[in-house]
Amino acid sequence: MKIKELELILQEGEGYKIEFKENLNSGLSKEMVALANSSGGRIFLGINDNNEIIGLNINNELLSKIEDIAANCDPAVDIEIKKQKNILIVHVKEGSNKPYRSSKGFYIRNGANSQKLTTREITEFIQAEGKSRFDEIIQSGKSFKTIFHEELLDNYLSLAGISKTIESKAILQNLGVMECKNSKPALNNAGILFFSKEPVKYLLHTSITCALYKGIEKLTILDHKELSGDIIQNIEDSIIFLKRHLNLKYEIKGLRRDEIPEIPEIALREAVVNAVCHRDYFEKGANIMVEIFDNRVEISNPGGLPKALASKHFGSRSICRNPTIASLLQRAGYIEKMGTGINRIKEALKDAKRPMPNFQFDTFFSVIFQRKVEQTTQKTTQKTTQKTAQKTARKTTRKQEAILKYLKENPRAGRDDIADNVDNITIDGIKYNLNILREMRLLERVGPDKGGYWEVVASQETTQETTQETTQETTQETTQEKIVGIIKNNPLITRTELSHQTGLTSDGIKYHLDKMRKDGVIRHLGATKKGYWEVIEK
């Protein structure tokens, strides 16, 4: 192993296939059987929990003890020991006679931890072990150069806080997403999902379907998106779709205005990440669904609870269906700790004083969030006092803004004309949004339905205070458009301030800034802490 590769592993930290231990202790056999029962991996002896090399006194007695520990597992674990200066690297091969047991019991790898199996879980593990793991299947028949996109790896490394000190192929191997078959590099399915711009070209059933319905049934579709990008982009785009169509309340506290989402973003994000991480990718007849109804939001994925996880342990234990995908998401900051996502959803809703979600798991796993059915705000928007600015105000969506713009230029347009000229909206969606705009006193119909025309109204009821509530900053725009607008107004803004203003996590802000810099939308001039942002006008 080269020094630079070891430095990269220290940056990455522990993961699904990497374990650090300071010295030889009683826990080594547990880690060996956990890796043998999972996908294999490496144990680095002489590295502490802070990812620091402390070293070992390496001698024949130490090497003999490690070999004895492996031999005393039941059955014996197949290992290979290598030296790297003053540390030892124990290569544990995936076992061919699972399950393996140490003196402490049966263990499997769950993210960066080794988890002990219950009797039921051992039985289910044995029954399921003949199956392949979807995310680890190598796609050797597909061109690596065609599939792999370097910029996606760069974005990922930035999110994970990993420096690119060695060549990309070595990094991909360390991340567990690439192998060399007959000296040719080949990505596994996890590698395709993370590092290909269009994974659906190679894995047809891996997109996310987002839909907005009118009412509480799946009858009238008002908006629809089919997300077919890499996993991280799909997660972010799902959140954008949800934020675009869910209500937002404003509270004025002194000179500061707080934006309060209808459903906490952290809860929505955890549910989407959970769906991406734990879906059954072998099920080709269904996609992950993100669905918004008038009274609820449903986020669901094919595949219920893993068979080895009893329903009574739901929320307290975690059995990972796609361990490589989970490990990659954890490194990038999308998963805090394995098995904590459900509790984070509950905590976020509790803090926001919102109802607890409904979890359903049979052949699908679904998280259902309850919505408040908001009353029309026509009366409150007619008032012009500071008090009304403190109340919930309905705001126009991007589609409604597009409709208003089109009707301003084409006042005699019919619904069919509007639908043809406003992207991604149905006739029913046009009808729904026209009614909303009329309720908001932003649009009026002059004359009869067939011979009349539309008039876009400059709202006379709103004061300068309420007009400020509906500027571009508060409309439902894409995340990157919003970031660009904020940067134009304040080129010295920091990532932390951007996170507060957009409602995104710091990782989400970092991801979008890196992507926009790659796309030539923005650039940063000067030192990291004292420089400023510049929007590149084209």
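Keep in mind that what you see is a predicted model, and the values were worked out from it rather than measured.

## Some remarks on the overall build of the protein chain
Then, number 1: The helix and strand inventory of the protein chain stands at 21 helices and 21 strands.
Then, number 2: Here the protein chain holds 538 residues, and 50% of them are scored as buried.
Then, number 3: Look at the contacts in the protein chain between residues 6 or more apart in sequence, and 65% of them connect residues 24 or more apart.
Then, number 4: For the protein chain, the exposed surface amounts to about 26,400 Å²; the carbon and sulfur share of it is 46%.

## Details of the environment of asparagine 155
Then, number 1: With respect to the helices and strands, asparagine 155 occurs in helix H6 (residues 150–160).
Then, number 2: Between the C-alpha atom of asparagine 155 and that of lysine 510, which follows or precedes it by 355 residues, the distance is 9.0 Å.
Then, number 3: Excluding residues that lie within four positions of it along the chain, asparagine 155 makes contacts with Tyr511, Asp514, Lys515 and Lys518.

## As for the sheet that holds strand E5 (residues 101–102)
Then, number 1: Read from one edge to the other, the open sheet built from 3 strands follows the order E5-E6-E7, with strand pairing classed as antiparallel. The sheet is open, and its two edges are formed by E5 and strand E7 (113–116), each paired on a single side.
Then, number 2: Of the strand pairs in this sheet, E5 and strand E6 (residues 105–110) are connected by 2 bridges, and their pairing is antiparallel. Bridging across to E6, serine 102 finds its partner in glycine 105.

## A closer look at the sheet that holds strand E3 (residues 79–84)
Working definition: the strands of a sheet are paired by backbone hydrogen bonds and lie parallel or antiparallel to each other.
Then, number 1: The strand order across the open sheet formed by 4 strands is E1-E2-E4-E3, and the pairing between neighbours is mixed. Every other strand in the sheet has two partners, leaving strand E1 (18–21) and E3 as the edge strands with one partner each. Taking each pair of neighbouring strands and ignoring which way they run, the sheet shows an average axis angle of 20°.
Then, number 2: Taken together, the 6 bridges between E3 and strand E4 (residues 87–92) define a ladder with antiparallel strand orientation. Bridge pairing in E4 links lysine 83 to leucine 88.
Then, number 3: Strand contacts of helix H1 (residues 3–12): E1, strand E2 (41–45), E3 and E4, with the helix running at about 95° to E2, the strand carrying the most contacts.

## Observations concerning helix H10 (residues 265–278)
Then, number 1: When the terminal C-alpha atoms of H10 are compared, their 20 Å separation across 14 residues agrees well with the 20 Å that a helix rising 1.5 Å per residue should span.
Then, number 2: With 13 of 14 residues buried, H10 is to be regarded as a mostly interior element.

## Overview of H6
Then, number 1: Along H6, the residues that are buried comprise Leu152, Leu153, Asn155, Tyr156, Leu157, Leu159 and Ala160.
Then, number 2: The inward-facing, buried residues of H6 contact helix H7 (168–174), helix H8 (189–195), helix H9 (231–245), helix H11 (323–331) and helix H21 (506–518).
Then, number 3: Positive backbone phi, approximately 70°, marks glycine 161, located one or two places after H6.

## Observations concerning the confidence of the model for the protein chain
Then, number 1: Summarising the model, the protein chain shows a mean pLDDT of 82, and 86% of its residues fall at 70 or more.
Then, number 2: Segment residues 375–393 is flagged for pLDDT under 50; beyond a separation of four residues in sequence, or across chains, it makes 31 contacts in the model.
Then, number 3: For residues 459–477, every residue scores under 50 in pLDDT, and the model assigns this stretch 40 contacts once sequence neighbours within four places are set aside.

## Brief notes about the nonpolar core
Then, number 1: Tyr156, Phe195, Leu242, Ile299, Leu329 and Phe369 are the most contacted members of the largest nonpolar core, which has 71 residues in total.
Then, number 2: Of all the elements, H10 adds the most residues to this core, at 8 residues.
Then, number 3: Excluding residues within four positions of it along the chain, phenylalanine 195 makes contact with Ile147, Phe148, His149, Leu152, Leu153, Tyr156, Leu172, Leu175 and Val177.

## Re the pairing of strand E8 (residues 178–181)
Then, number 1: Pairing of E8 with strand E9 (residues 184–187), which is carried by 4 bridges, proceeds in the antiparallel orientation. Paired with glutamate 179 across the strands is alanine 186, a residue of E9.
Then, number 2: Connecting the antiparallel pair E8 and E9 is a turn made up of 2 residues, with asparagine 182 showing a positive phi of about 55°.

## A closer look at the packing of helix H20 (residues 495–502) against H21
Then, number 1: Axis separation between H20 and H21 bottoms out at 9 Å; the angle between their running directions is 110°. Classified by the angle between their axes, H20 and H21 sit roughly perpendicular to one another. Contacts between H20 and H21 involve Arg495, Leu498, Ser499 and Thr502 from the former and Ser506, Ile509, Lys510, Leu513, Asp514 and Arg517 from the latter.
Then, number 2: Split into classes, the residues belonging to the contact of H20 with H21 amount to 3 nonpolar, 3 polar and 4 charged.

## Describing the environment of tryptophan 533
Then, number 1: Among the structural elements, tryptophan 533 can be located in strand E21 (residues 532–535).
Then, number 2: Judged by relative accessible area, tryptophan 533 falls into the buried class, the value being 7%.
Then, number 3: Considering only alpha carbons, one finds tryptophan 533 and threonine 494, 39 residues apart in sequence, at a separation of 9.2 Å.
Then, number 4: Engagement of the side chain of tryptophan 533 in a polar contact is seen with the backbone oxygen of isoleucine 493, the distance being 3.3 Å.

## Digging into the pattern of salt bridges
Then, number 1: Per the counting criterion, the structure on display carries 25 salt bridges.
Then, number 2: Across the pair lysine 164 and aspartate 154 runs a salt bridge, and its minimum N-O distance is 2.9 Å. Here lysine 164 is found in the loop between H6 and H7, whereas its partner aspartate 154 is found in helix H6, with 10 residues between them in sequence.
Then, number 3: One salt-bridge network, in which partners are shared between bridges, spans Glu19, Lys30, Glu31 and Arg109.

## Topic: the packing of aromatic side chains
Then, number 1: Going through the model one piece at a time under the given rule, you end up with 10 aromatic pairs.
Then, number 2: Residues phenylalanine 20 and phenylalanine 44 carry aromatic rings whose centres are separated by 5.8 Å and whose planes lie at 90° to one another, so their mutual orientation is edge-to-face. Here phenylalanine 20, found in strand E1, pairs with phenylalanine 44, found in strand E2; they are 24 residues apart in sequence, far enough to count as distant.
Then, number 3: Residue phenylalanine 20 is classed as buried on the basis of its relative accessible area, which comes to 3%.
Then, number 4: Phenylalanine 44 gets classed as buried once you look at its relative accessible area, which sits at 0%.
Then, number 5: Arranged with centres 6.1 Å apart and planes meeting at 10°, the rings of phenylalanine 361 and phenylalanine 365 form a pair that is stacked.
Then, number 6: Judged by its relative accessible area of 30%, phenylalanine 361 is partly exposed.
Then, number 7: Pairwise contacts between aromatic rings join Phe134, Tyr281 and Phe282 into one cluster.

Conventions we followed
Residues numbered from 1 in each chain as written. Predicted model: local features only at pLDDT ≥ 70, side-chain atom pairs only at ≥ 80, totals over all residues. Heavy atoms only, no water. Helix = DSSP H or I, 4+ residues; strand = E, 2+ residues; numbered from the N terminus. Buried < 20%, exposed > 50% of the residue type's maximum accessible area, 1.4 Å probe, protein only. Contact = heavy atoms within 4.5 Å. Areas by Shrake-Rupley, 256 points an atom, 1.4 Å probe, with all protein chains shown as cover. Pairing = 2+ DSSP bridges. Axes fitted to C-alpha atoms, helices over the stretch in contact; angles between N-to-C directions. Expected span 1.5 Å × (residues − 1). pLDDT = per-residue confidence, 0-100. Core = buried A, V, L, I, M, F, W, Y, C linked by side-chain atoms within 4.5 Å. Parallel < 35°, antiparallel > 145°, perpendicular 65-115°, else oblique. Nonpolar A, V, L, I, M, F, W, Y, C, P; charged D, E, K, R; others polar. Polar contact = N/O pair within 3.5 Å; in protein donor to acceptor, adjacent residues only side chain to side chain. Salt bridge = Lys/Arg side-chain N within 4 Å of Asp/Glu carboxyl O. Phe/Tyr/Trp six-rings, centres within 6.5 Å; stacked < 30°, edge-to-face > 60°.

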